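Listed below are the residues making up each chain.
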Amino acid sequence: MSPARDQNKMKIQIISLFPQMFEKVLNASMLWKAQKAGLVEYKLINLRDFGLGPRKQVDDAPYGGGDGMVLRPEPLVAAIEAAKLKAKSQKPKVVLMSPSGVMFDQAKARELAKLDEMILVCGRYEGYDERVSEFVDEQVSIGNYVLTGGELPAMVVIDAVTRLIPGVLGGETSALNESFSQPSVLEHPHYTRPEEFRGLKVPEVLLSGDHAKISNWRRQNQKRLQK
Ligand code: 4GX
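Keep in mind the model is a prediction, meaning the values are calculated, not measured.

Draft legend 1. Main features of the sheet that holds strand E2 (residues 40-46). Taken in spatial order, the five strands make up an open sheet running E2-E1-E6-E5-E7, and their pairing is parallel. A strand with exactly one partner marks an edge of an open sheet, and here the two such strands are E2 and strand E7 (138-141). Within the sheet, the average angular offset between the axes of one strand and its neighbour, ignoring direction, is 30°. The sheet contact formed by strand E1 (residues 10-16) and E2 spans seven bridges and is parallel. When the bridges of E2 are listed, glutamine 13 appears paired with lysine 43.

Draft legend 2. Main features of the nonpolar core. Core analysis: the biggest nonpolar cluster contains 30 residues, and Ile12, Ile158 and Val161 have the highest contact counts within it. Listing elements by their share of this core, those giving two or more residues are E1, helix H3 (29-36), E2, strand E5 (93-103), helix H5 (106-113), strand E6 (117-121) and helix H6 (151-162). No other element matches the six residues that H6 contributes to this core. Grouped together as the second largest cluster of nonpolar side chains are 17 residues, Leu47, Leu71, Ile80 and Val136 included.

Draft legend 3. The arrangement of unusual backbone geometry in detail. A cis geometry characterises the amide bond from arginine 193 onward to proline 194, with omega recorded as 5°. By the secondary structure assignment, proline 194 is in the loop between helix H7 (174-177) and strand E8 (196-197). Even without being glycine, tyrosine 125 reaches a positive phi, approximately 60°. Along the polypeptide, tyrosine 125 turns up in the loop between E6 and E7.

Draft legend 4. Just the side chain of threonine 162, in detail. Structurally, the position occupied by threonine 162 is in helix H6. One polar contact links threonine 162 to tyrosine 42, side chain to side chain, over a distance of 2.9 Å.

Draft legend 5. Summary view of a nonpolar patch on the surface. Taken together, the side chains of Phe18, Met21, Tyr145, Leu147 and Leu152 make up a nonpolar region of the molecular surface, amounting to roughly 430 Å² of accessible area. Following the sequence through the fold, tyrosine 145 ends up in the loop between E7 and H6.

Draft legend 6. Inspection of the packing of H5 against H6 at higher detail. Packing of H5 against H6 brings their axes to within 8 Å, and their N-to-C directions diverge by 70°. Relative to H6, the element H5 lies roughly perpendicular. When H5 is examined against H6, the residues Ala109, Leu112 and Ala113 are found in contact with a partner set consisting of Val157, Ala160 and Val161. Partitioned by chemical class, the residues of the contact of H5 with H6 number six nonpolar, no polar and no charged.

Draft legend 7. Quick look at the pattern of salt bridges. Scanning the entire structure with this criterion turns up nine salt bridges. Ionic pairing is found between lysine 43 and glutamate 41, a salt bridge with its closest N-O pair at 3.8 Å. Since its relative accessible area comes to 40%, lysine 43 is described here as partly exposed. Lysine 108 is the salt-bridge partner of glutamate 111, the closest N and O atoms lying 3.2 Å from each other. Here lysine 108 and glutamate 111 lie together in helix H5, a separation of three residues that amounts to about one turn. Classification of lysine 108 by relative accessible area gives buried; the value is 11%. Overlapping salt bridges bring together Lys93, Lys108, Glu111 and Glu138 as one network.

Thresholds applied
Residues numbered from 1 in each chain as written. Predicted model: local features only at pLDDT ≥ 70, side-chain atom pairs only at ≥ 80, totals over all residues. Heavy atoms only, no water. Pairing = 2+ DSSP bridges. Helix = DSSP H or I, 4+ residues; strand = E, 2+ residues; numbered from the N terminus. Axes fitted to C-alpha atoms, helices over the stretch in contact; angles between N-to-C directions. Core = buried A, V, L, I, M, F, W, Y, C linked by side-chain atoms within 4.5 Å. Buried < 20%, exposed > 50% of the residue type's maximum accessible area, 1.4 Å probe, protein only. Polar contact = N/O pair within 3.5 Å; in protein donor to acceptor, adjacent residues only side chain to side chain. Patch = residues over 30% accessible without salt bridge, like charges linked within 9 Å, V, L, I, M, F, W, Y side chains within 5 Å. Areas by Shrake-Rupley, 256 points an atom, 1.4 Å probe, with all protein chains shown as cover. Salt bridge = Lys/Arg side-chain N within 4 Å of Asp/Glu carboxyl O. Parallel < 35°, antiparallel > 145°, perpendicular 65-115°, else oblique. Contact = heavy atoms within 4.5 Å. Nonpolar A, V, L, I, M, F, W, Y, C, P; charged D, E, K, R; others polar.

Below, the structure is given as structure tokens:
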């Protein structure tokens, strides 16, 4: 690989207790192709490796009592520091997945896609020791619901960000022309073969070959406007 390519390659490090959850997702389709093309690099860090004592403990009961367990700060911060040592730059962005973080949307995806690296931290249990927040740059939520861990949110972020890296969506006018990237517009309806499916026909205009008419039709049939 050329040094220029390698410099441009986005590096995403992921800290998780369940790194195996990522394998199928990162090694399929577009995300796999993006890695093969040298446009992105994913590195998984097992939080368990930074656990304390012979049991590699990462969690403990909450001070003040209450249900569930809380991630202790030492393993998480040690994992973040290990990731920083492997980073390309001095100040890689550290993003913690949390239901109380700032809402992830296409604007945030665009912002993160400009970075040349990031460290995504996935928690489990009832959450993190609050002191961990001093060691992260940003907390991001993918939606107002509570999941069992930060892994699925991290995969959502990785997917949305990776497809915006220049060169990932091969050939197509792709990410730029498309839906959310144009600030105000969502998608128009799409059709492919067959021309008729169970009595449902493809709109005539799309078969016409008249590109002015087609883009006019698409503009008028945008599904909805983004807020
Ligand atoms: N968008 N989760 C984080 C642990 C946790 C619990 C409480 C902080 C406070 C989520 C989401 C999400 C599940 C990731 C709980 N952390 N993350 N994890 N929605 O639900 O990002």
